[in-house]
Amino acid sequence: MNLDLLKEYASLLVRCGANVQAGQVVVVKGPVEAYEFIRLVVKEAYVAGAKHVVVEYEDLTNLKNSLFYKDIKTLENIPSYELAKFDYEVSNNACFISLTAPNPDALRVIEPIKLQTYNRALSKAKKEVNEYTMKSVGQWTVAGVATLKWAEKVFPNDSEAVDKLWKAILEASRVSVTGSIKNWQAHSEEIEKHAKLLNSLNLKKLHFKNDIGTDLVVELADKNIFAGGDEYSKSKVRFSPNIPTEEVFGMPHKLRVNGKVVSTKPLIYQGGLIDDFSLIFKDGKVIEYSAKKGIELLKNLLEFDEGSSYLGEVALISHNSPISNQNILFYNTLFDENASCHLALGAAYPMNTLNGNELSEEELISRGCNISNTHVDFMFGSSDMEVIGTSLDGKDIKIFENGNFVI
């Protein structure tokens, strides 16, 4: 892959993604296989003025061995040095750059109960860090990085798989040899305009229907605010949480979702694959579910905690979009969710209700906000999706027709 393009991408993640500020601590997380690109990101963060860059390499082979040989009791407890690290990151107002490169087969040999136990313990230990990002106290961004295992999943039996995956990532992220930052900023502003338009409609609920079985009514939380594009940290620093992104998203009311939703793309969860699944909601809660593949993983997700069987996000994305038009199944939620309307099981973003980042947990709950230690997006958009919105004054408004925005 062209080194100049990779440098442009690293600059985009640092300057627009996390928008690293002078004197700030930066945490860079990513797969050990991507160490060469991570080095570009670290250098760019220091050039931007970072005080200290912490690199946290993720090694799925080591994690697999850890989960396989440790007993359940050990997995229930996160070591104190890990807790100290999380405390350091939050107390030093760090910003986070997280690089994702899924390997759906890496943890296949691990018993689901062990994965569940470990992830519950880790989520509980990272609660403060998770709240720090969910409430946008500091800047954070999630982006893709090409690795051999991921590339082989997306482009099987292809000797140029890694280069093809890099090309797809960079295209989706609007990276070019020059002007990447300008391109991204213009794109983000367009998404923000769409969010403002949706907010001007004062919508109370959204009704989704398509020919494969989705018939779902999602009532929005009280004082819902649609968002998309860039966000602002507590100290008013602008940043891009997801690169790439195409979505405008809002907050479902925890107790007011009813009907059936059918997935249209696979979901990677706990290192495994959930595919061809459907969920039935009543008064916000999943009361029935099925899956042709990964049923145990889906069960683990829905039983992760009290809030994981309720929705925390509803996102609108036109079927006709740059990622969708690549016609690539990325097996990576960051990319696949931006090719399709999606929902998220688990925690809601407080920013999706008026002044939500300033509210207490009790105040958020009173508005219909779902509280959870997990947040997992899944895709259900299709080329024939119809979305009808109903405003607070009872007026029906067509939002989507044939999978695309019509407003």
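Quick summary incoming for the structure in this document. (Residues numbered from 1 in each chain as written. Predicted model: local features only at pLDDT ≥ 70, side-chain atom pairs only at ≥ 80, totals over all residues. Heavy atoms only, no water.)

**Let's talk about the overall build of the protein**
Keep this limit in mind: Only DSSP runs of H or I reaching four residues or more are called helices, and only runs of E reaching two or more are called strands; each is numbered from the N terminus. Our radius of gyration looks at C-alpha atoms and nothing else; its globule reference is 2.2 Å times the residue count to the power 0.38. Note on exposure labels: buried denotes an accessible area under 20% of the residue type's maximum, exposed denotes more than 50%, and partly exposed covers the range between, all computed with a 1.4 Å probe on protein chains only. Throughout, a residue-residue contact means that at least one pair of heavy atoms, one from each residue, lies within 4.5 Å. Accessible surface is estimated by sampling points in the Shrake-Rupley manner with a 1.4 Å probe; for residues, cover comes only from the protein chains shown. Counting rule for charge: Lys and Arg are taken as positive, Asp and Glu as negative, and neither His nor the chain ends is counted. Charge placement uses NZ in Lys and CZ in Arg. For Asp and Glu, CG and CD serve respectively.
For the protein, the count of helices and strands is 14 helices and 20 strands. A compact globule built from 407 residues should have a C-alpha radius of gyration of about 22 Å, and the protein, at 20 Å, falls within 12% of that. Reported as C-alpha extents along the three principal axes, the dimensions of the protein are approximately 55 × 50 × 50 Å. By the burial criterion, 54% of the 407 residues in the protein qualify as buried. A separation of at least 24 residues holds for 76% of the contacts in the protein among residues at least 6 apart in sequence. Summing over all exposed atoms, the protein offers an accessible surface of approximately 18000 Å²; the carbon and sulfur share of this is 49%. In the protein, the 44 positive side-chain charges and the 54 negative ones have mean positions that sit 2 Å from each other.

**Quick notes on the environment of Thr374**
Within the secondary structure layout, Thr374 lies in the loop between α14 (361-366) and β17 (375-379). On the basis of relative accessibility, which here comes to 11%, the residue Thr374 falls in the buried class. Here the alpha-carbon distance between Thr374 and Gly307, two residues 67 residues apart in the chain, equals 8.2 Å. The contacts of Thr374, once residues within four sequence positions are left out, are Phe304, Asp305, Ser308, Leu345, Gly346 and Ala347.

Fair warning: the whole summary comes from geometry, so function is off the table for now.
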